[in-house]
Amino acid sequence: IASPDSVARTFDAAANGTVWGEGFGVIVLKTLEKAKKDRDHIYAVIKGSSMNSDGKSNGITAPSALAQTELMKEAWRNAGIPPETVTYIEAHGTGTRLGDPIEIEGITNAFRSYTDKRHFCALGAVKTNIGHLDTAAGIAGLIKTVLLLQKKEIPATLHFNEPNPHINFIESPVYVNTELVPWETEAGVPRRAGVSAFGLAGTNCHVILEEYEQDEWSRSASVEDVPYVFTLSAKSKASFNALVDRYRTFLDRTTHT
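The notes below deal with the structure included here. (Residues numbered from 1 in each chain as written. Predicted model: local features only at pLDDT ≥ 70, side-chain atom pairs only at ≥ 80, totals over all residues. Heavy atoms only, no water.)

1. With respect to the packing of aromatic side chains
Part 1 of the reasoning: If you walk through the whole model with that rule in mind, you get 7 aromatic pairs.
Part 2 of the reasoning: Summarising the aromatic geometry, the rings of Trp76 and Tyr114 are spaced 5.7 Å apart at their centres and angled 80° between planes, so their arrangement reads as edge-to-face. Taken together, the positions of Trp76 in helix 2 (residues 65–79) and Tyr114 in the loop between helix 3 (99–112) and strand 3 (121–124) put the pair 38 residues apart, joining distant regions of the chain.
Part 3 of the reasoning: What makes Tyr114 partly exposed here is its relative accessible area of 38%.
Part 4 of the reasoning: Site record: aromatic cluster; members linked through ring pairs are Trp76, Phe111, Tyr114 and Phe120.
Part 5 of the reasoning: For Lys117, the ring lying beneath its charged end belongs to Phe120, and the centroid distance is 5.1 Å. (Phe/Tyr/Trp six-rings, centres within 6.5 Å; stacked < 30°, edge-to-face > 60°. Helix = DSSP H or I, 4+ residues; strand = E, 2+ residues; numbered from the N terminus. Buried < 20%, exposed > 50% of the residue type's maximum accessible area, 1.4 Å probe, protein only. Lys NZ or Arg CZ within 6 Å of the ring centre and 35° of its normal.)

2. Structural notes on the environment of Ala136
Part 1 of the reasoning: Turning to its location among the elements, Ala136 is positioned in the loop between helix 4 (127–130) and helix 5 (137–151).
Part 2 of the reasoning: Exposure remark for Ala136: the relative accessible area of 9% places this residue in the buried category.
Part 3 of the reasoning: Taking the C-alpha atoms as reference, Ala136 lies 45 Å from Val244; in sequence the two are 108 residues apart.
Part 4 of the reasoning: Beyond its immediate stretch of four places on either side in the chain, Ala136 contacts Gly23 and Phe24. (Contact = heavy atoms within 4.5 Å.)

3. What to know about helix 3
Part 1 of the reasoning: With 14 residues, helix 3 extends 20 Å from end C-alpha to end C-alpha; this agrees with the ideal 20 Å at 1.5 Å per step.
Part 2 of the reasoning: Among the 14 residues in helix 3, 11 count as buried, and that is most of the element.
Part 3 of the reasoning: Among the residues making up helix 3, those that are buried are Gly99, Asp100, Pro101, Ile102, Glu103, Ile104, Gly106, Ile107, Thr108, Ala110 and Phe111.
Part 4 of the reasoning: Of the surrounding elements, those touching the buried residues of helix 3 are helix 2, strand 2 (86–90), strand 3, strand 5 (174–176) and strand 7 (192–198). (Expected span 1.5 Å × (residues − 1).)

4. Description of the environment of Asp116
Part 1 of the reasoning: Locating Asp116 in the fold gives a position in the loop between helix 3 and strand 3.
Part 2 of the reasoning: With 10 residues separating them in the primary sequence, Asp116 and Val126 have C-alpha atoms 27 Å apart.

5. With respect to the pairing of strand 7
Part 1 of the reasoning: Where burial is concerned, most of strand 7 is hidden: 6 out of the 7 residues are buried.
Part 2 of the reasoning: The hairpin formed by strand 7 and strand 8 (residues 203–210) contains 4 residues between the paired strands, and Gly202 there has a positive phi angle of roughly 110°. (Pairing = 2+ DSSP bridges.)

6. Quick look at the nonpolar core
Part 1 of the reasoning: Counting residues in hydrophobic clusters, the biggest one holds 22 residues, and the most contacted among them are Phe11, Phe111 and Leu123.
Part 2 of the reasoning: Setting aside residues up to four positions removed in sequence, Leu123 forms contacts with Phe11, Tyr88, Ile89, Ala91, Ile104, Ile107, Thr157, Phe169, Val174, Tyr175, Val176 and Asn177.
Part 3 of the reasoning: Ranked by size, the runner-up nonpolar core spans 11 residues in total, among them Ala122, Leu148, Val195 and Leu209. (Core = buried A, V, L, I, M, F, W, Y, C linked by side-chain atoms within 4.5 Å.)

7. Quick word on the pairing of strand 8
Consecutive residues of a regular strand have side chains that alternate between opposite faces of the sheet.
Part 1 of the reasoning: Where strand 1 (residues 45–53) and strand 8 come together, 8 bridges link them in antiparallel fashion. Within strand 8, the residue paired with Ser49 across the bridge is Val207.
Part 2 of the reasoning: The pairing of strand 7 with strand 8 spans 7 bridges and is antiparallel. Residue pairing for strand 8: Ala197 is matched across the bridge by Cys205.

8. Topic: the side chain of Asp12
Part 1 of the reasoning: Checked against the element boundaries, Asp12 lands in the segment before helix 1 (32–37).
Part 2 of the reasoning: For the buried residue Asp12, which engages in no salt bridge, the nearest side chain bearing the opposite charge is Arg9, 5.4 Å off.
Part 3 of the reasoning: Polar side-chain contacts of Asp12 include one of 2.8 Å to the backbone nitrogen of Ala14.
Part 4 of the reasoning: At 2.5 Å, the side chain of Asp12 forms a polar contact with the backbone nitrogen of Asn161.
Part 5 of the reasoning: Excluding residues that lie within four positions of it along the chain, Asp12 makes contacts with His159, Phe160, Asn161, Glu162, Pro163 and Asn164. (Lys, Arg positive; Asp, Glu negative; His and termini not counted. Salt bridge = Lys/Arg side-chain N within 4 Å of Asp/Glu carboxyl O. Polar contact = N/O pair within 3.5 Å; in protein donor to acceptor, adjacent residues only side chain to side chain.)

9. Overview of the sheet that holds strand 8
Hydrogen bonds along the backbone pair up the strands of a sheet, which may run parallel or antiparallel.
Part 1 of the reasoning: As summarised here, the arrangement of the 6 strands in space is 1-8-7-2-3-5, forming an open sheet in which the pairing is mixed. Each edge of the open sheet is held by one strand with a lone partner, namely strand 1 and strand 5. On average, each strand axis in the sheet is inclined to that of its neighbour by 20°, with strand direction left out of account.
Part 2 of the reasoning: Sitting on the sheet, helix 2 touches strand 1, strand 2, strand 7 and strand 8, and the angle it makes with strand 1 is about 150°. (Axes fitted to C-alpha atoms, helices over the stretch in contact; angles between N-to-C directions.)

10. Some points on the pattern of salt bridges
Part 1 of the reasoning: According to the stated counting rule, one finds 14 salt bridges in the structure shown.
Part 2 of the reasoning: The residue Lys47 makes a salt bridge to Glu210 at a minimum N-O spacing of 4.0 Å. Taken together, the residues Lys47 in strand 1 and Glu210 in strand 8 connect sequence positions 163 residues apart.
Part 3 of the reasoning: Given the relative accessible area of 31%, Lys47 is considered partly exposed.
Part 4 of the reasoning: The class of Glu210 is buried, set by a relative accessible area of 12%.
Part 5 of the reasoning: A single network of salt bridges, built from pairs that share partners, joins Lys30, Lys34, Asp38 and Asp40.

Given below as structure tokens:
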């Protein structure tokens, strides 16, 4: 599984294994209506997700293209979106000889159930940047994709020079993005992305993300309009009162300046 020269060449002809990394990630989830009501900064919206299992396969390192195809189709159904509006996929993309072609087969078959369009969806793999974070690999891909949606740009997938000969990219709906480009979509279509994460024991997960455009009310809300909690703390009542007096004096002075 591990690359002997410690380079993850996802989807490349010279791919020879993954690179192990270490890390963790944290995101805060909230319903969209609650986040808007609280005037939170919203980075992206989770439109839908799905999870399944490979079931019986040829071994623990042999994923199932059929299971991955059904995984993505179920995620699209849950999200309620046309699949061809997904224009970026953050692949599991380990950089292994066996896993990469199977993943592209699964993606291609899923798209082909809905459209014959070619090369409309960019591929990326954060493992070429930071390695395989094991149980944190999925959250790393999710955070990366959220940042892409926020910045409206798609960065390069590293170490990709020559396509893996076992992957038919010519007829595929996807392509490996090799340089930083603006993320463009058709007029009126929001940026949408899929994020895949596959467990070694055969558990597959896929999440559909969509960019969030703040409405006019959110953009016009100024800092002064938002209430804040101002906390004070002291070890005794006397020191607390003294602290309050100092702040009161400071606020009186700055208010009248």
